[in-house]
Amino acid sequence: VQLVESGGALVQPGGSLRLSCAASGFTFSTYAMSWVRQAPGKGLEWVSTISGGGRTSSADSVKDRFTISRDNAKNTLYLQMNSLKPEDTAVYYCAAATSIYYRDLEKDYKYDYWGQGTQVTVSS
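Quick look at the structure, then. Worth saying up front: this structure is predicted, and the values here are computed from it rather than measured.

## Focus: the overall build of the protein chain
Next, step 1: Per the secondary structure count, the protein chain includes one helix and eleven strands.
Next, step 2: Order of helices (α) and strands (β) in the protein chain, N terminus to C terminus: β-β-β-β-β-β-β-β-β-α-β-β.
Next, step 3: Radius of gyration (C-alpha) of the protein chain: 13 Å, near the 14 Å computed for a compact globule of 124 residues.
Next, step 4: Going through the 124 residues of the protein chain one by one, you find that 44% of them count as buried.
Next, step 5: Within the protein chain, counting contacts between residues at least 6 apart in sequence, those at least 24 apart form 59% of the total.
Next, step 6: Only carbon and sulfur atoms are counted for the fraction: they give 46% of the accessible area of the protein chain, which is about 6,300 Å².
Next, step 7: Each charge sign in the protein chain was given a centre, from 12 positive and 11 negative side chains, and these centres are 2 Å apart.

## Here's the deal with the pairing of strand 3 (residues 17-24)
Next, step 1: Relative to strand 3, strand 1 (residues 2-6) is paired through five bridges, and the arrangement is antiparallel. In the sheet register, Leu3 faces strand 3, and the bridge partner there is Ala23.
Next, step 2: Judged from the six bridges that link them, strand 3 and strand 8 (residues 76-81) form a sheet pairing that is antiparallel. Bridge pairing in strand 8 places Cys21 opposite Leu77.

## A word on the nonpolar core
Next, step 1: Of all hydrophobic cores here, the largest spans 34 residues; its most connected members are Trp35, Leu77, Leu79, Met81 and Tyr92.
Next, step 2: Broken down by secondary-structure element, the contributors of at least two residues to this core are strand 3, strand 4 (32-38), strand 5 (44-50), strand 7 (66-71), strand 8, strand 9 (90-97) and strand 11 (118-122).
Next, step 3: Looking at this core, the element that brings in the most residues is strand 9, giving six residues.
Next, step 4: Ignoring any residue separated from it by four or fewer positions in sequence, one finds Met81 in contact with Gly15, Ser16, Leu17, Leu19, Arg65, Phe66, Tyr92 and Val120.

Reading guide: rules and limits
Residues numbered from 1 in each chain as written. Predicted model: local features only at pLDDT ≥ 70, side-chain atom pairs only at ≥ 80, totals over all residues. Heavy atoms only, no water. Helix = DSSP H or I, 4+ residues; strand = E, 2+ residues; numbered from the N terminus. Rg over C-alpha atoms; globule rule 2.2 N^0.38 Å. Buried < 20%, exposed > 50% of the residue type's maximum accessible area, 1.4 Å probe, protein only. Contact = heavy atoms within 4.5 Å. Areas by Shrake-Rupley, 256 points an atom, 1.4 Å probe, with all protein chains shown as cover. Lys, Arg positive; Asp, Glu negative; His and termini not counted. Charge placed at Lys NZ, Arg CZ, Asp CG, Glu CD. Pairing = 2+ DSSP bridges. Core = buried A, V, L, I, M, F, W, Y, C linked by side-chain atoms within 4.5 Å.

Here is the structure:
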């Protein structure tokens, strides 16, 4: 099983980035997929989740700026990030879960698989 994130970079405040996560070794379409981030010196923070069928949910802090999507034919997860702020600076991880319960995904981070992360830095 592999989850490989890409697309992280240094970007100015107000800028945009698109993260990708390429999945292999499991039946991607049957898993809920999430983006979880970790800012320097802080704990994990749930960002957004998309179900196998395409239902999405996002944290209030990113809801109007970030969009999660997936392409089950390409086994790839995306996160479109617009209007980036310095507080969005973090390592962004993609994660896969068989659970469908919000607490497992958004609070307890009960994921079956994790990627290695990609660094997003928002700074002028």
